[in-house]
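Examination of the molecular architecture
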Amino acid sequence: MSDRLWNSPEPDGAYDVVIVGGGGHGIATAYYLAKNHGITNVAVLEKGWLAGGNMARNTTIIRSNYLWDESAGIYEHALKLWEGLEDELGYDLLFSQRGVLNLAHSLQDVRDGVRRVNANRLNGVDAEWLDPAQVKEVCPIVETSPDVRYPVLGATYQPRGGIAKHDYVAWGYARAASALGVHFVEHCEVTGLEVSGGRVRAVETTRGRIAAGRVALSAAGHSSVVAGMAGVRLPVQSHTLQALVSDLLEPVHPTVVMSNAVHVYVSQAHKGELVMGAGIDAANSYRRRGAFHIIERQMAAALELFPCFARAHVLRTWGGVVDVSPDASPIVGLTPVDGLYVNCGWGTGGFKATPGVGWCYAHTIATGEPHPLNAPFTLDRFTTGALVDEHGAAAVAH
Amino acid sequence: MLLIPCPWCGPRDEAEFHYGGQAHVAYPADPAALTDEEWARYLFFRDNPMGPFSERWNHTSGCRRWFTVTRDTTTNAITPETSR
Ligand SMILES: Cc1cc2nc3c(=O)[nH]c(=O)nc-3n(C[C@H](O)[C@H](O)[C@H](O)COP(=O)(O)OP(=O)(O)OC[C@H]3O[C@@H](n4cnc5c(N)ncnc54)[C@H](O)[C@@H]3O)c2cc1C
Ligand SMILES: [Zn+2]
């Protein structure tokens, strides 16, 4: 036991709170339930191994420079938590605030970028507008000459953005939550939700029935499937999202570069591999293998921006299943079923939010009311029309 | 890459097509009569099954026509739905 970071026990017959899905969000939520609210009779049920879903597959970009006030609220709360997280968890996360550039390649990109920088500043989010020469200073390997297919006309820059080691984040939270008494039950798939009198009572699992005071869904790409078990329909669509790494290289890339227009984003991990992501595969899918033409286009885009990558080799490609919402914003809060909560719709960009979601979702579950920072992100907003449209800041980018 | 059977051109690479999402979603007969809830369902809520899914494709780089297939979202096995 002592050489393990978290316990993986036989499930008890009942818990105060059952969390469905042991990704980053589920694990962080369990930690804050125990830490902030003293609720420790909690089980996180994971159908595979802990944090083997999107948490293990994302490209780890962290930033908070979204357009709208609602988004600034939750993503900036997350970024502030990231800034103290290694101390909080007593665990090294390789959290590196190396800055994030979002490139602009057209007049429209420039206008949108400048507008977003101004909106960010009004919300206390660090943001700068850089011209091509300044982009070159921050990241010397970006091609900024004017005679390419998609010239760089400028970029938004968030110096406090960066990357972290995704596995360490999951392990650090799981270790801390485990020490507070949380059970992480692996290889335990939720196959049914027992609802009676309008209230959730228990979950059916491949390891038996588990009674639950409250059930918190956090199943990312499989959210529609698990919510459907309680008759709750979600406005999300599941898609494969792919990424790849190169072989190990000397440090060449000092920051994170993203480009919506040419559909690629690139950073260099601590070990030395270039980490690149693409856009989603178009068709709905629950497969973790995507189409090769997406990788091909992503490589073409990367080479356009970074000609010096021409001799790098693709070492590995992979995919995850992401839950895309209509307004590119998440859904975090109550459902029509009492005691059943939902966290989904983070799509291609929920890693950065991990501490913030954990914090706010735990509050929602503990008090039965949304935290003020996730209150705008209700399931209801699709009926009221109060969408939080972040396609500009989120679409391909992470 | 998927090999998608266009009912008019035959099997072609996925790169020739544009995806149209869930099939058989009819435009409301009387849009003005819908409640907000019903309007939300029409605009934003689509099926998202793990398994067979009826979906639309447009052969943008070919005949430019829309058609429907059933594709399994876990295996990618495709069955044509529209006869020509
Ligand atoms: C290729 C790729 C690149 C990405 N890049 C970035 C990025 O750079 N920055 C960023 O912010 N975000 C990024 N994301 C998105 C981010 O990974 C997700 O938004 C985030 O990880 C979702 O939260 P999670 O960690 O809890 O999800 P997951 O780790 O997917 O956790 C959900 C868990 O639920 C489990 N589950 C599902 N169904 C059941 C069931 N019935 N019973 C029990 N367990 C179940 C799954 O096995 C899974 O472990 C990327 C995603 C991918 C795929
Ligand atoms: Zn055709």
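Before any of the text, the structure's been laid out above.
Residues numbered from 1 in each chain as written. Chains lettered and ligands numbered in written order. Predicted model: local features only at pLDDT ≥ 70, side-chain atom pairs only at ≥ 80, totals over all residues. Heavy atoms only, no water.

Considering the site of ligand 1
Residues and elements named next belong to chain A.
- With respect to spatial proximity, 38 residues lie near ligand 1, and among them E46, M55, T59, G350 and K352 are the closest.
- Residue G24 places a main-chain N or O atom 2.9 Å away from an oxygen atom belonging to ligand 1.
- The contact in question runs from an oxygen atom of ligand 1 to an N or O atom on the backbone of G347, over 3.4 Å.
- Coverage of ligand 1 by the protein chains reaches 97% of its 1,000 Å² of free accessible surface.
- Contributing elements (two or more residues each) for the shell around ligand 1: α1 (24–37), β12 (237–248) and β16 (314–324).
- With three residues, β12 is the largest single contributor of residues to the shell around ligand 1.
- Among the residues forming the shell around ligand 1, the class breakdown is 14 nonpolar, 19 polar and five charged.
- No fewer than three residues from each of domain 1 (3–57 + 167–235 + 326–384) and domain 2 (97–160 + 237–324) sit in the shell around ligand 1. (Near = heavy atom within 4 Å. Polar contact = N/O pair within 3.5 Å; in protein donor to acceptor, adjacent residues only side chain to side chain. Areas by Shrake-Rupley, 256 points an atom, 1.4 Å probe, with all protein chains shown as cover. Helix = DSSP H or I, 4+ residues; strand = E, 2+ residues; numbered from the N terminus. Nonpolar A, V, L, I, M, F, W, Y, C, P; charged D, E, K, R; others polar. Domains from an automatic or database assignment.)

Section: the interface of chain A and chain B
- Contact with chain A, which involves 23 residues of that partner, is made by 22 residues of chain B.
- Interface area, chain A with chain B, both sides summed: about 2,000 Å², of which 54% is carbon and sulfur.
- Interface area lost by chain A to chain B is led by A:R233, A:N284 and A:Y286, which between them contribute 30%.
- On inspection of chain A and its partner chain B, the count reaches one salt bridge.
- The shortest N-O distance in the salt bridge between A:R233 and B:D47 comes to 2.6 Å.
- Inspection of the chain A/chain B interface yields 12 residue pairs in polar contact (both at pLDDT 80 or more).
- Partitioning the side of chain A that touches chain B into residue classes produces 12 nonpolar, eight polar and three charged. (Contact = heavy atoms within 4.5 Å. Buried area = accessible area lost by both parts, 1.4 Å probe. Salt bridge = Lys/Arg side-chain N within 4 Å of Asp/Glu carboxyl O.)

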